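Overview (structure and organization)
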Amino acid sequence: MVHKNNKWNISKEKGEEIAHKYIIEILQDSKHNMISLSELSILLNQRTKHIKFIQYSKKKPMSVYMRCSYGNIINFLDNFTIYGVINNDSDIQIKLLDTEITNKKFIEQNIMNEHKDWILIDDEDFIMI
């Protein structure tokens, strides 16, 4: 469940930019651009511990920010086509599907909007020829 009235010191856009930067970095450093969800969560918290995510005057880790803003890390990753979520029984693996992407390219060119979910178009508005 996403809590809507949480007061964070970081905007949702800035939080999304930070999340992408570190998730891409972690996945590129891992073998075959793939890592388990639990390892991703631990590494994400470790690599972002220098960033102050503050909610109601208390410092929180990145994983708590993502859970409050998106429901969980999987919901965040599912919003973008550059990430793949693979379910293997009790083990959930996260894969970077676009291996050519770099943090700098991703953020500077604002490719995040290109990789967001599909947009559905109602075909009744168009005349099929």
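Described in the following lines is the structure provided in the data block.

Re the overall build of the protein
On a plain count of helices and strands, the protein comes out with five helices and five strands. Counted from the first residue to the last, the protein has its helices and strands arranged as α-β-α-β-β-α-α-β-β-α. Residues counted as buried form 39% of the 129 residues belonging to the protein. For the protein, restricting intrachain contacts to residue pairs at least 6 apart in sequence, the fraction spanning at least 24 positions comes to 64%. When the accessible surface of the protein is summed, it comes to about 8700 Å², and 51% of that surface belongs to carbon and sulfur atoms.

Topic: the environment of Y65
Its place among the elements puts Y65 in helix α3 (residues 62-70). Y65 sits eleven residues away from I54 along the chain, and the two C-alpha atoms are 8.8 Å apart.

Topic: the pattern of salt bridges
Applying the stated criterion to the full structure yields three salt bridges. For E17, the salt bridge is made with K14, and the minimal N-O distance between the two is 3.8 Å. Here the residue E17 and the residue K14 both occupy positions in helix α1 (residues 12-29), the gap between them amounting to three residues, near one helical turn. According to the relative accessible area criterion, E17 is partly exposed, its value standing at 28%.

A closer look at the sheet that holds strand β5 (residues 91-96)
Spatially, three strands are ordered β1-β5-β4 in an open sheet, and the strand pairing comes out antiparallel. With one partner strand each, in any of the chains shown, β1 (34-36) and β4 (83-88) form the two edges of the open sheet. Strand-to-strand twist across the sheet, computed as the mean angle between neighbouring axes with direction ignored, equals 25 degrees. Judged from the three bridges that link them, β1 and β5 form a sheet pairing that is antiparallel. Looking at β5, one finds that S36 is bridged to Q93. Docked against the sheet, α1 engages β1, β4 and β5, running at close to 100 degrees with respect to β5.

Here is what the cut-offs are and how they apply
Residues numbered from 1 in each chain as written. Predicted model: local features only at pLDDT ≥ 70, side-chain atom pairs only at ≥ 80, totals over all residues. Heavy atoms only, no water. Helix = DSSP H or I, 4+ residues; strand = E, 2+ residues; numbered from the N terminus. Buried < 20%, exposed > 50% of the residue type's maximum accessible area, 1.4 Å probe, protein only. Contact = heavy atoms within 4.5 Å. Areas by Shrake-Rupley, 256 points an atom, 1.4 Å probe, with all protein chains shown as cover. Salt bridge = Lys/Arg side-chain N within 4 Å of Asp/Glu carboxyl O. Pairing = 2+ DSSP bridges. Axes fitted to C-alpha atoms, helices over the stretch in contact; angles between N-to-C directions.

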